[in-house]
Every structure is written in C-alpha cells, then in structure tokens.
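Single-letter residue listing:
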Amino acid sequence: MQIISSREVFKNKLFTIVDEVAHDPDGFEIHRSIVRHPGSAVMMAVDRDHRILLVKQFRLPAEQYLWELPAGRLDPGESPLEAAKRELREETGYQAKTWTDIAAFWASPGYVAEKMNIFLAEDLTEGVQEPMEDERIEIRWFPQAEVGEMIRDGRIVDAKTMIGYFMYLERKPSTRS
C-alpha cells in the first residue's frame with residue numbers, strides 16, 4: 001500500500017485528523033479519515049508487595065470515572081520511555097529506578113494512529129503529584145488479585161489497563177496472588 005493523498009482536516013494540541021487515500025499496485029484503494037496521534041506511554045507501577053498503582057479520573061469520551069493505569073502522550077522528540085518517566089512523576093508523584101518494556105499495541109488501528117507503549121515501573125520512590133491543569137487524578141494501590149477481579153466484573157473497562165495487567169502476569173508468573 002502507498003499513500004497517494006493526505007489532507008489535514010483538523011489539528012489541536014493532542015492530535016490531527018487527516019483524510020488519506022492509499023492504493024496498491026493492483027488498484028485496490030482505501031479512503032479513511034484518520035486520527036493521527038504521537039503515541040502514548042503507559043506505566044504499570046508495581047510495588048514490592050506486587051500491588052498495582054491505578055489512577056481514577058473522569059474520561060469525557062467514556063462519560064464516566066475510570067480506574068486505569070497511568071498514561072500520557074509523547075511530547076515532540078520524546079521517546080516512549082522518557083514520556084513514561086515524566087508521566088508517572090506528573091500523574092502520581094512516583095519515580096521508578098527499574099523500567100521494563102512489556103507491551104506495545106495500536107489503540108484502535110481502524111481509524112486511530114496511536115501506538116501505546118506499556119512499561120513496568122518498579123523500585124519506586126514516592127514524590128509529589130504534578131497533574132496538568134485539566135486533570136483531577138486520584139491514585140490508589142490495589143492488590144494484584146483485586147485488579148484481576150475488577151477486570152472480570154467490569155469495574156475496569158480500560159483496554160490499556162487490561163493489556164498491561166495480563167502482560168504483567170505473563171512476565172511474572174511467580175507473583176500471582
């Protein structure tokens with residue numbers, strides 16, 4: 001596939017919407033409106049007791065408060081790991097000495113060009129939360145088993161949190177509780 005046209009329709013500080021057309025040598029053509037996003041870093045902060053740090057905030061598109069892993073968008077020129085370190089500090093106040101890349105995925109590749117990168121953050125030090133002016137973030141530690149229960153009974157409906165949790169279980173089978 002080769003993109004043969006791209007036209008910007010809308011742009012703000014978070015994303016750009018473009019109309020694009022692509023085709024292959026056989027003449028097959030795709031026309032889509034795409035939300036172009038710089039990507040996100042997701043932090044799975046886990047303490048020595050294998051508790052998981054979640055944040056609760058109102059998500060306007062979902063029209064509800066959600067418990068989820070902390071996350072944020074990549075700033076220009078910033079790597080996913082650099083963004084993860086910055087976002088963990090800003091949203092929760094915590095800093096981690098040990099970082100492990102555990103997953104990367106496309107949030108909704110049918111129309112959103114946002115790659116999410118999940119990092120395991122360990123060896124944590126508590127600090128002061130520095131949320132953005134439009135964020136009200138509650139933080140809370142949850143036992144690993146409770147996070148699993150929250151996913152299964154629908155109290156956690158955020159995909160990045162589900163993916164992070166199950167990828168963490170895959171990497172750390174001896175810490176299951």
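What counts and what doesn't
- Residues numbered from 1 in each chain as written.
- Predicted model: local features only at pLDDT ≥ 70, side-chain atom pairs only at ≥ 80, totals over all residues.
- Heavy atoms only, no water.
- Pairing = 2+ DSSP bridges.
- Helix = DSSP H or I, 4+ residues; strand = E, 2+ residues; numbered from the N terminus.
- Axes fitted to C-alpha atoms, helices over the stretch in contact; angles between N-to-C directions.
- Phe/Tyr/Trp six-rings, centres within 6.5 Å; stacked < 30°, edge-to-face > 60°.
- Buried < 20%, exposed > 50% of the residue type's maximum accessible area, 1.4 Å probe, protein only.
- Core = buried A, V, L, I, M, F, W, Y, C linked by side-chain atoms within 4.5 Å.
- Contact = heavy atoms within 4.5 Å.
- pLDDT = per-residue confidence, 0-100.
- Expected span 1.5 Å × (residues − 1).

### A look at the sheet that holds strand 10 (residues 138–142)
The sheet built from three strands is open, its strands ordered 6-5-10 with antiparallel pairing. Two strands bound the open sheet, and with one partner strand each, they are strand 6 (64–68) and strand 10. Here the average twist between neighbouring strands, direction ignored, is 25°. As judged from the five bridges shared by strand 5 (residues 52–59) and strand 10, these two strands associate in the antiparallel manner. Its bridge partner lying in strand 10, Leu54 is registered against Arg140.

### Focus: the packing of aromatic side chains
Each aromatic ring pair is described using two quantities: the centre-to-centre distance and the angle formed by the ring planes. Under the criterion given, the structure shown has five aromatic pairs. Considering the side-chain rings of Trp67 and Phe142, the 4.9 Å spacing of their centres and the 80° angle between planes classify their relative orientation as edge-to-face. Linking Trp67 in strand 6 with Phe142 in strand 10, this pair joins segments that are 75 residues apart in sequence. Take Trp67 and Phe142: they sit in the same class, and that class is buried. Consider the rings of Tyr94 and Trp141, whose centres lie 5.5 Å apart with planes at 90°: the pair is edge-to-face. On the criterion of sequence distance, the pair formed by Tyr94 in the loop between helix 1 (80–92) and strand 8 (95–108) and Trp141 in strand 10 is long-range, its members being 47 residues apart.

### Let's talk about the nonpolar core
Core analysis: the largest hydrophobic core is formed by 22 residues, its most contacted members being Met44, Ile52, Leu54, Val147 and Ile156. Sorting the residues of this core by element identifies strand 4 (40–45), strand 5, strand 8, strand 9 (112–125), helix 2 (144–152) and helix 3 (159–171) as the ones contributing at least two each. Look past the residues within four positions of Ile52 in its chain and what remains in contact with it is Met44, Ala45, Val46, Leu69, Arg140, Trp141, Phe142, Gln144, Val147 and Tyr165. The next biggest cluster of nonpolar side chains, apart from the first, holds 14 residues, and it includes Ala41, Ala45, Ala96 and Ala121.

### Remarks on the environment of Glu122
By the secondary structure assignment, Glu122 is in strand 9. Classification of Glu122 as buried rests on a relative accessible area of 17%. Measuring from C-alpha to C-alpha, the distance between Glu122 and Met43 comes to 10.0 Å, with 79 residues separating the pair along the chain.

### So, the confidence of the model for the chain
Overall, the predicted model of the chain reaches an average pLDDT of 93, with 96% of residues at or above 70. A low-confidence stretch, residues 173–177 (pLDDT under 50), is modelled with eight contacts involving residues beyond four sequence positions or located in other chains.

### What about helix 1?
For helix 1, spanning 13 residues, the distance from its first C-alpha to its last is 17 Å, which sits close to the expected 18 Å at 1.5 Å a residue. Turning to helix 1, its buried residues number three or more, namely Ala83, Ala84, Arg86, Glu87, Leu88, Glu90, Glu91 and Thr92. In this fold, the buried residues of helix 1 make contact with strand 4, strand 5, strand 7 (71–73), strand 8, strand 9 and strand 10. Taken from the residues just after helix 1, Gly93 is the one with a positive phi, measuring 90°.

### Focus on the pairing of strand 6
Here strand 5 runs beside strand 6; their pairing, made up of five bridges, is antiparallel. For Val55, the partnering residue across the bridge sits in strand 6 and is Glu68. Linking strand 5 to strand 6, which pair antiparallel, is a turn of four residues; within it Glu63 sits at a positive phi near 55°.

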